[in-house]
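Examining the three-dimensional arrangement
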Amino acid sequence: MTNKTQNAMWGGRFADGPDAIMEAINASIGFDRRLAAQDIAGSRAHAAMLAAQGIITGSDAEAIREGLLTVLSEIESGNFTFSTALEDIHMNVEARLKDLIGEPAGRLHTGRSRNDQVAVDFRLWVRDQCDEALGKLSALCMALVSQAEAGADWVMPGFTHLQTAQPVTWGHHMLAYVEMFSRDMGRFRDARARMNECPLGAAALAGTSFPIDRHMTAKALGFDRPAANSLDAVSDRDFALEFLAAASICAMHLSRFAEELVIWSTAQFRFVALSDRFSTGSSIMPQKKNPDAAELIRAKVGRIMGANVGLMMVMKGLPLTYSKDMQEDKEQVFDAADNLMLALAAMEGMVRDMTANRANLEKAAASGFSTATDLADWLVRELGLPFRDAHHVTGSLVALAEKKGCDLPDLTLDDMQSAHAGITEDVYKVLGVHNSVASRQSFGGTAPDQVRAQIARWRDQLK
């Protein structure tokens, strides 16, 4: 028997060791070592349950507990030697445990399989990522609320088709992203609640004949309940897919905001100045200050969404229950989670540090006939015109202003009355951008009073 066969903890069935290529394609320790803390937590809970049920002795359980803590300490301190020949984190931990405590280590795997072991480890890790995403999203939302509060009554252009549409407030624009990211928080909370079932004890696929207590291990690991079907418990990766789906939508929101920051920080817009901490220079053009952090955040959605699609393709054709294909689940999730957390942290930093240029925002808000809708609304409200007629009158006045090279407030009353004789001096009261935003008092509107009410609501919710 070769050394490889002797080292393989699933040996006995096989006469020869694996080919080097087989060992390379089969091993996952290069990436699943990230599950070490979760693997050891699951093993500790399992050992404690085995002892409580009288399946192993209390002394063996204590030796296992102490040994696992030693293994964890070695891993965390960087003093652990990982072996590709041992395939994965589960076998690496168990082999080291055997070195430390001897025979009791062999009792740890009673009543479980690597199938339910990896399922619980991965689920615990993804659950932790949901919690981390929630924390980072909350911090980002608070940064946006602070920006909104500082500029609750600052006017800026609101866009459709990236064309000036109507004046809005800076605070209102910032809060739009709070709404987006709060939905992301809801998706991560929902995913976390749904994934909070414990697969440990499902064993390979059919459960076990040992009198285990799955409710005890579920509680010890912070799950709401044990998974109700052993076949589904070991084959389910919906929790990872849900995390990736939520991460993809969140990354898309980050990308949209990043795109605006890239545009706003250009010399053509000058709506915001990003701090030096989140910008870079050019190797050849000394005047450049590039919004690289925003651009990289904008790009992250590609690899995060790619991970979502990739895992969906892995899972789509798998019969119940476990197949080795599912080893391909982790690297994609690890990469997506790493990049999402980095993007969230970078966006929070940019938002906290950025400075909005109030004067440029207001100047841009007044351009592009942004109060044309206010004029149309005035014609409806004061003169009783049907809105479609008011729309036509306003359109003719916009055309006149374009011809004269001025904006709507610069037209004379005679100009106004050339489009409709009933227009009076009162029309100029609605043509200023501050008057425009102040009039948008409908719930969820851009009026500063509405913005401040929403700020108060969010500060209360995000505590």
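Conventions and cut-offs
- Residues numbered from 1 in each chain as written.
- Predicted model: local features only at pLDDT ≥ 70, side-chain atom pairs only at ≥ 80, totals over all residues.
- Heavy atoms only, no water.
- Helix = DSSP H or I, 4+ residues; strand = E, 2+ residues; numbered from the N terminus.
- Rg over C-alpha atoms; globule rule 2.2 N^0.38 Å.
- Buried < 20%, exposed > 50% of the residue type's maximum accessible area, 1.4 Å probe, protein only.
- Contact = heavy atoms within 4.5 Å.
- Areas by Shrake-Rupley, 256 points an atom, 1.4 Å probe, with all protein chains shown as cover.
- Core = buried A, V, L, I, M, F, W, Y, C linked by side-chain atoms within 4.5 Å.
- pLDDT = per-residue confidence, 0-100.
- Salt bridge = Lys/Arg side-chain N within 4 Å of Asp/Glu carboxyl O.
- Expected span 1.5 Å × (residues − 1).
- 1 Å grid on protein atoms, 1.4 Å probe; cavity = no way out; pocket = protein on both sides within 12 Å on 5 of 7 lines; lining within 4 Å.
- Points joined across faces, edges and corners; volume = space filled by probe spheres on them.
- Nonpolar A, V, L, I, M, F, W, Y, C, P; charged D, E, K, R; others polar.
- Pairing = 2+ DSSP bridges.

Overview of the overall build of the protein chain
Looking only at helices and strands, one finds 19 helices and 6 strands in the protein chain. The C-alpha atoms of the protein chain give 31 Å as radius of gyration, which overshoots the globular expectation for 463 residues (23 Å, by more than 25%). By its C-alpha atoms, the protein chain is 100 × 50 × 40 Å across when sized along the principal axes. By residue count, 49% of the 463 residues in the protein chain fall in the buried class. Restricting the contact set of the protein chain to residue pairs at least 6 apart, pairs at least 24 apart contribute 74%. A total of about 21,400 Å² of accessible surface is found on the protein chain, and carbon and sulfur atoms cover 52% of it.

Focus on the nonpolar core
Membership of the largest hydrophobic core comes to 100 residues, with the highest contact counts inside it found for W170, F188, L254, F257, W264 and M347. Dropping the residues within four chain positions of it, L254 is found in contact with L140, F181, I297, L340, A343, L344 and M347. Within the second largest apolar cluster, 20 residues are counted, among which are L379, L408, V427 and V430.

A closer look at the confidence of the model for the protein chain
Of all residues in the protein chain, 94% attain a pLDDT of 70 or more, and the chain-wide mean is 93. Counting interchain partners and residues more than four positions distant, the pLDDT-below-50 stretch residues 1–7 has 12 contacts.

Focus: the pattern of salt bridges
Oppositely charged side chains are able to pair whenever their charged atoms sit close together. Evaluation of the coordinates by the stated rule reveals 29 salt bridges. For E132, the salt bridge identified is with K136, shortest N-O distance 3.2 Å. Of this pair, E132 and K136 both sit in helix α7 (residues 114–150), 4 residues apart, roughly one helical turn. The exposure class assigned to E132 is partly exposed, which follows from its relative accessible area of 33%. Of the charged contacts in the structure, one is a salt bridge between R303 and D335, with a shortest N-O distance of 2.7 Å. Placement of R303 in helix α12 (residues 292–315) and of D335 in helix α13 (residues 330–353) is noted, with a sequence separation of 32 residues between them.

As for helix α4 (residues 36–52)
In this model α4 runs 24 Å from its N-terminal to its C-terminal C-alpha over 17 residues, within 8% of the 24 Å that 1.5 Å per residue would give. Where α4 is concerned, the buried positions are A36, Q38, D39, I40, G42, S43, A45, H46, A47, M49 and L50. Where the residues of α4 are buried, they touch α3 (29–32), α5 (58–77), α6 (89–101), α7 and α9 (214–220). In the stretch just after α4, G54 is the one whose phi turns positive, near 75 degrees.

What to know about the layout of surface pockets
What the largest pocket holds in volume is close to 350 Å³. In terms of lining residues, the largest pocket is bounded by 17 residues, among which S265, T266, A267, R270 and K289 are the most central. Among the secondary structure elements, those contributing two or more residues to the lining of the largest pocket are β5 (272–273) and β6 (355–356). The residue inventory of the lining of the largest pocket, partitioned by class, reads 7 nonpolar, 6 polar and 4 charged. Of the pockets and cavities examined, the second largest pocket occupies roughly 200 Å³. For the second largest pocket, the full set of lining residues is V168, H172, H173, A176, Y177, M180, R256, E259 and E260. Secondary-structure elements contributing two or more residues to the lining of the second largest pocket are α8 (170–195) and α11 (238–264). Looking at the lining of the second largest pocket, the element that brings in the most residues is α8, giving 5 residues. Looking at side-chain class alone, the lining of the second largest pocket contains 4 nonpolar, 2 polar and 3 charged residues.

Thoughts on the pairing of strand β1 (residues 155–160)
The sheet contact formed by β1 and strand β2 (residues 163–169) spans 6 bridges and is antiparallel. Each residue of the ladder has a partner; that of M156, found in β2, is V168. Count of turn residues in the β1/β2 antiparallel hairpin: 2 residues, of which H161 carries a positive phi of about 60 degrees.

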